[in-house]
Amino acid sequence: MKTDLTDTTASKINKALVKGRRAIGTPAVGMVLTLVIVTDEENAYDALKAANDASREHPSRTLVVIKRVSRSPRDRTQSRLDAEVRVGADAGTGETVVLRLYGEVADHAQSVVLPLLLPDAPVVVWWPVDAPLDPAGDPLGALAQRRVTDTYSSEQPVRELTARAETYKPGDTDLSWTRITPWRSMLAAALDQVSVEVKAVEVEGEEFNPSCELLAMWLADRLDVPVRRSLSSGPGLTAVRMETSNGPITLDRADGSLATLSIDGQPDRAVALKRRDTAELIAEELRRLDPDDTYASALRFGVHRLNVSNGQVDAVQKPKEPETPVAASSESSPEGPSAKGEPADGEAPAQAPAPEAAKPPALKPVPSGLSGKAAK
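Scope of this entry: the structure provided in the associated data block. (Residues numbered from 1 in each chain as written. Predicted model: local features only at pLDDT ≥ 70, side-chain atom pairs only at ≥ 80, totals over all residues. Heavy atoms only, no water.)

**Considerations on helix α10 (residues 293-301)**
Along an α-helix, residues three or four apart share an orientation, since each turn contains 3.6 residues.
Here's step 1: Those residues of α10 not exposed but buried are Thr 294, Tyr 295, Ala 296, Ala 298, Leu 299 and Phe 301.
Here's step 2: Among the residues trailing α10, Gly 302 stands out with phi positive, at a value near 100°. (Buried < 20%, exposed > 50% of the residue type's maximum accessible area, 1.4 Å probe, protein only. Helix = DSSP H or I, 4+ residues; strand = E, 2+ residues; numbered from the N terminus.)

What follows is the structure, encoded as structure tokens:
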């Protein structure tokens with residue numbers, strides 16, 4: 001059942017929800033949370049479809065917030081709220097309200113969403129695209145116990161990981177992290193089968209895929225060994241290779257669906273590691289609403305610390321400080337050359353000692369036990 005409301009209010013939307021429930025014969029509210037999706041018109045359909053599929057596991061009230069851009073200055077001064085209320089088969093197993101905000105009301109979306117939240121139920125905010133750099137500081141994000149972003153949809157996903165680390169608050173998570181849950185589980189199980197010492201790790205995957213960086217940072221943080229990030233043609237993550245004291249351990253997935261686990265001295269095993277769709281990722285994130293400390297630890301490890309071996313950075317380096325330009329002649333300053341530290345006539349220029357390059361701390365190999373610390 002669908003109900004279209006034009007130039008409406010939150011009170012009228014709540015009345016339409018009650019009327020819709022009575023019309024389909026389910027007056028009781030059996031939903032466990034409120035899912036707020038903040039997106040644009042282009043990505044609203046895909047995000048709503050994924051949320052409806054996930055609602056079969058987590059019945060919820062889904063609020064889709066779409067901020068419409070006004071075309072003329074006159075339209076920007078006119079605030080309007082349009083809503084589309086869906087209940088029954090059109091809304092999965094919960095309720096759906098599509099909110100389209102025009103004019104100045106688009107800058108105060110939290111005041112529209114707040115009266116529509118389910119009472120005494122957790123709130124999850126999801127940005128499929130164009131997520132704020134500080135989700136917890138966003139007005140809508142401040143209403144939620146859990147804030148879900150997706151750095152894969154950003155223009156510079158690897159750089160955005162650094163921004164996410166600087167603004168992380170308990171409750172933040174990312175679908176790029178959710179995508180590597182099967183990889184983390186399989187690697188932890190592989191190391192639990194053998195008693196070895198991991199010396200180095202290589203993570204291989206396509207370029208501009210933040211899941212590869214997150215997996216590499218998780219391994220470096222958990223194992224405290226050098227981790228190298230290498231590129232492949234994809235799709236997604238393609239391989240993880242571990243150099244251990246008893247030979248290599250490799251988890252290779254070349255086709256995006258079936259992987260091969262190779263442990264030295266054991267027969268190769270086929271492992272199902274298919275690439276999951278967005279509905280499965282959202283359903284996994286809604287299973288737990290407490291802070292993900294493992295994600296926070298891996299995120300704060302830092303992308304710049306990957307590819308570090310023997311005190312030198314192989315590929316990823318920190319940005320250099322801009323050099324201060326030196327004046328071309330002394331005529332631009334009344335103090336003369338000596339006042340700026342330049343040698344006077346007849347004096348030999350003094351050479352400043354070159355500063356020593358800061359070396360990152362040496363990473364010591366430790367036993368491979370991912371169980372315990374990695375299983376957090």
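Anyway, onward from the coordinates.
**Looking at empty space enclosed by the protein**
Here's step 1: Per the stated rule, a full pass over the model turns up two cavities of 30 Å³ or more.
Here's step 2: Taken as a whole, the second largest cavity encloses approximately 30 Å³ of empty space.
Here's step 3: Pro 135, Arg 147, Thr 149, Arg 164, Asp 172, Thr 173 and Tyr 295 are the residues that line the second largest cavity.
Here's step 4: Sorting the residues of the lining of the second largest cavity by element identifies β7 (146-149) and β8 (172-174) as the ones contributing at least two each.
Here's step 5: Taken together, the residues of the lining of the second largest cavity break down into two nonpolar, two polar and three charged. (1 Å grid on protein atoms, 1.4 Å probe; cavity = no way out; pocket = protein on both sides within 12 Å on 5 of 7 lines; lining within 4 Å. Points joined across faces, edges and corners; volume = space filled by probe spheres on them. Nonpolar A, V, L, I, M, F, W, Y, C, P; charged D, E, K, R; others polar.)

**What about the sheet that holds strand β14 (residues 269-272)?**
Here's step 1: Pairing in this open sheet of six strands is mixed, and the strands run β10-β9-β11-β12-β13-β14 from one edge to the other. The open sheet is flanked by β10 (227-231) and β14, the only strands paired with a single partner. Here the strands of the sheet are splayed against their neighbours by 20° on average, with no regard to which way each runs.
Here's step 2: Of the pairings in the sheet, the one linking strand β9 (residues 198-205) to strand β11 (residues 237-244) comprises seven bridges and is antiparallel in character. Counted as the bridge partner of Ala 200 is Glu 243 from β11. (Pairing = 2+ DSSP bridges. Axes fitted to C-alpha atoms, helices over the stretch in contact; angles between N-to-C directions.)

**Let's talk about the nonpolar core**
Here's step 1: Val 201, Val 203, Leu 215, Leu 219, Val 227 and Val 240 are the most contacted members of the largest nonpolar core, which totals 42 residues.
Here's step 2: Those elements that provide at least two residues to this core are α5 (157-166), α7 (181-193), β9, α8 (210-223), β11, β12 (247-252), β13 (258-263) and α10.
Here's step 3: The dominant element in this core, judged by the number of residues it contributes, is α8, at nine residues.
Here's step 4: Discounting residues that sit within four places of it in the chain, Val 201 has contacts with Leu 219, Leu 223, Val 225, Pro 226, Val 227, Arg 228, Val 240, Arg 241 and Met 242.
Here's step 5: In this structure, Ile 13, Val 36, Leu 99 and Ala 131 belong to the second largest nonpolar core, which totals 29 residues. (Core = buried A, V, L, I, M, F, W, Y, C linked by side-chain atoms within 4.5 Å. Contact = heavy atoms within 4.5 Å.)

**Quick notes on the pattern of salt bridges**
Here's step 1: Scanning all chains against the criterion turns up 22 salt bridges.
Here's step 2: A salt bridge links Arg 21 to Glu 95; its shortest N-O distance comes to 2.5 Å. Taken as a pair, Arg 21 in helix α1 (residues 10-24) and Glu 95 in strand β5 (residues 95-102) lie far apart in primary sequence, 74 residues in all. Pair check on accessibility: Arg 21 and Glu 95 agree, each one buried. (Salt bridge = Lys/Arg side-chain N within 4 Å of Asp/Glu carboxyl O.)

**Describing the pairing of strand β3 (residues 60-67)**
Here's step 1: The buried count for β3 comes to seven of eight residues, which makes it a mostly enclosed element.
Here's step 2: Where strand β2 (residues 33-39) lies against β3, seven bridges are found, and the strand directions are parallel. If you follow Ile 37 over to β3, its bridge partner there is Val 64.
Here's step 3: Between the parallel pair β2 and β3, the chain is carried across by helix α2 (residues 41-54), and the sense of this crossover is right-handed. (Right-handed = clockwise from strand over helix to strand, strands pointing away.)

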